Amino acid sequence: MADEPISMLDMSVRNKILELMLDLRERLDLTYVYITHDLATAKFFCDRVAIMYLGRIVEIGPTEEIFADPKHPYTRALLKAVPDPDPSRSVVRDLPRGEIPDAAAPPHGCSFHPRCPAAFGACGWEGRDLGAMFERRWLERGDEVYRTEQPLVTGVADLDGGMEQVSLPAPSGHTAQEVGEVLNSARTDDPDEPLWRGVRAIDVTGSGVRVDFREGVDPELRPAGGVRVACHLHDPRFNDEAPPAT
């Protein structure tokens, strides 16, 4: 097992260590488990690659196929993040949004769904995703939108994980209808926000607004071409509702 064996080494030494490991593999018929964040050396060194996110394998298969046609959105994002030394080749990075979640309290359903641009209903939306959506909205749209909306949806900051039905009470001096208008305005302003694909209903009640999310499904590793991938985009059960796997 080789855990980041060359990550802190000078480039010339890195090459020598990799060549030594390859030579030992041929002479002693070794099999390595090569753990690294450096996809360039993984492509050079490994026959098969397993991509992990929050401690779980999300894609696994032959190195050549994973690099040529990555299936999982996280794998695609990782490959786009690899630096290209040629300044004439401009690559759109399109990196995952948001922060890496807490592995001790992983997201509901697919653990990558809060950062995935292709996530949809079955991916596992929950109460805390609603709070994160409003945080992004206010950062992007500025103080005026924040000052208008935040007093009406103060409850989003207290929403926990795993909540597929949440209630936002109307603050004192405001009506449930006003809270509902804030949610519907956010939905109208950004209909491509993946979270809305997971919202089953927004209902105004007597005391506030109830948001019902689609029940999330934890993806399993399934065959997709020559690899196996844990992603609902490649699950035939969701072919009719999943966005295109581009």
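Turning our eyes to something else, we now look at the overall build of the chain. Within the chain, the regular secondary structure consists of seven helices and nine strands. Dimensions of the chain along its principal axes, counting C-alpha atoms only, are 75 × 40 × 35 Å. Here the chain holds 246 residues, and the buried ones make up 39% of them. Looking at the chain alone, contacts between residues at least 24 apart form 51% of all its contacts between residues at least 6 apart. Here the chain displays about 14100 Å² of accessible surface, and carbon together with sulfur accounts for 52% of that area. Here the chain contributes 27 positively and 42 negatively charged side chains, and the mean placements of these two sets differ by 3 Å.

Let us now look at the sheet that holds strand 4 (residues 56–62). Ordered in space as 3-4-9-8, the four strands form an open sheet in which the pairing is antiparallel. Strands with a single pairing partner mark the edges of an open sheet, and in this sheet they are strand 3 (48–53) and strand 8 (222–224). Neighbour-to-neighbour, the strand axes of the sheet open up by a mean angle of 30 degrees, direction not taken into account. Along the sheet, helix 4 (residues 73–80) contacts strand 3 and strand 4; its crossing angle with strand 3, the most-contacted strand, is approximately 105 degrees.

For the rest of this paragraph, the subject is the pattern of salt bridges. Counted under the stated rule, the structure contains 17 salt bridges. Salt-bridge contacts for Lys71 lead to Asp69; the nearest nitrogen and oxygen are separated by 3.0 Å. Asp69 sits in the partly exposed class, given a relative accessible area of 41%. In this structure, Asp203 engages Arg210 in a salt bridge whose closest nitrogen and oxygen atoms are separated by 3.1 Å. You can call Asp203 partly exposed: its relative accessible area is 30%. When its relative accessible area of 27% is taken as the criterion, Arg210 is described as partly exposed. Among the charged side chains, a network of salt bridges with common partners joins Arg25, Glu26 and Asp47.

With antiparallel pairing, three strands are arranged side by side in an open sheet as 5-7-6. A single partner strand is all that each edge strand has here, and the edge strands are strand 5 (165–169) and strand 6 (199–204). Direction aside, neighbouring strands of the sheet carry axes that sit 15 degrees apart on average. Here strand 6 runs beside strand 7 (residues 208–213); their pairing, made up of five bridges, is antiparallel. Bridge pairing in strand 7 places Asp203 opposite Arg210. Lying on the sheet, helix 7 (residues 176–189) is in contact with strand 5, strand 6 and strand 7; it crosses strand 6 at an angle near 150 degrees.

Attention shifts here to the pairing of strand 3. Side chains Val49, Ile51 and Tyr53 of strand 3 all project onto a buried face; the interleaved residues Arg48, Ala50 and Met52 project onto a face where none is buried. Pairing analysis gives six bridges linking strand 3 to strand 4, with the strands arranged antiparallel. Each bridged residue has a counterpart across the sheet, and for Arg48 the counterpart in strand 4 is Pro62. Joining the antiparallel neighbours strand 3 and strand 4 is a turn of two residues, in which Leu54 adopts a positive phi near 50 degrees.

Let us now look at the side chain of Thr63. With respect to the helices and strands, the residue Thr63 is situated in helix 3 (residues 63–68). Since its relative accessible area comes to 5%, Thr63 is described here as buried. Reaching out from Thr63, the side chain makes a polar contact with the backbone oxygen of Cys46 at a distance of 2.8 Å.

Let's shift gears to helix 7. Across its 14 residues, helix 7 extends 20 Å between first and last C-alpha, which sits within 8% of the 20 Å expected from 1.5 Å per residue. By the burial criterion, the buried members of helix 7 are Ala176, Val179, Gly180, Val182, Leu183 and Ala186. Along the long axis of helix 7, the arc covered by the buried residues comes to 155 degrees, so they all point the same way.

Tracing the backbone through its elements, the reader meets Ser111 in the loop between helix 4 and helix 5 (127–141). Residue contacts for Ser111: discarding those within four places in its chain leaves Tyr53, Leu54 and Pro101.

Another point: the packing of aromatic side chains. The full count for this structure, using the stated rule, is eight aromatic pairs. Both rings, one in Phe134 and one in Trp138, keep their centres 5.4 Å apart while their planes meet at 35 degrees; by these two values the pair is tilted. Separated by four residues within a single helix, Phe134 and Trp138 lie in helix 5, roughly one turn from each other. You'll find Phe134 and Trp138 in the same group, each marked buried. Ring-pair connections join several aromatic residues into one group, and the members of that group are Tyr32, Tyr34 and Phe45.

The rules behind these values
Every residue gets a number counted from 1 within its own chain, in the order that chain's sequence is written. Per-residue local features are limited, in this predicted model, to residues with pLDDT of at least 70; the limit for side-chain atom pairs, both in listing and counting, is 80 or more; totals at the level of whole chains, interfaces and linings are taken over all residues. Excluded from the side-chain calculation are hydrogens and water; included are all heavy atoms of the structure. For the purposes of this entry, the term helix denotes a DSSP run of H or I that reaches at least four residues, the term strand denotes a run of E that reaches at least two, and both are numbered from the N terminus. Exposed residues in this analysis have more than 50% of their type's maximum accessible area, buried residues have under 20%, and partly exposed residues fall in between, with area computed by a 1.4 Å probe over protein chains only. Whether two residues are in contact is decided by their heavy atoms, any of which lying within 4.5 Å being enough. For accessible areas, the Shrake-Rupley method is used with a probe of radius 1.4 Å. Any residue's cover is judged against the shown protein chains and nothing else. We score Asp and Glu as negative and Lys and Arg as positive, and we do not count His or the chain ends. We put the charge of a Lys on NZ, of an Arg on CZ, of an Asp on CG and of a Glu on CD. Any two strands with at least two DSSP-identified bridges between them are counted as paired. Note on geometry: axes are C-alpha line fits, over the in-contact stretch for helices, and angles between N-to-C directions span 0 to 180 degrees. Salt bridge, as used here, is a side-chain nitrogen of Lys or Arg placed within 4 Å of a carboxyl oxygen of Asp or Glu. Under the rule applied, a polar contact is a pair of N or O atoms within 3.5 Å (in protein, one hydrogen donor and one hydrogen acceptor; residues adjacent in sequence only if both atoms are side-chain atoms). One less than the residue count of a helix, multiplied by 1.5 Å, gives the span that helix is expected to have. By definition, the arc is the one covered by directions from the helix axis to the C-beta atoms. Two rings from Phe, Tyr or Trp (for Trp, the six-membered ring) form a pair when their centres sit within 6.5 Å of each other. Planes less than 30 degrees apart are called stacked, planes more than 60 degrees apart edge-to-face, and all others tilted.

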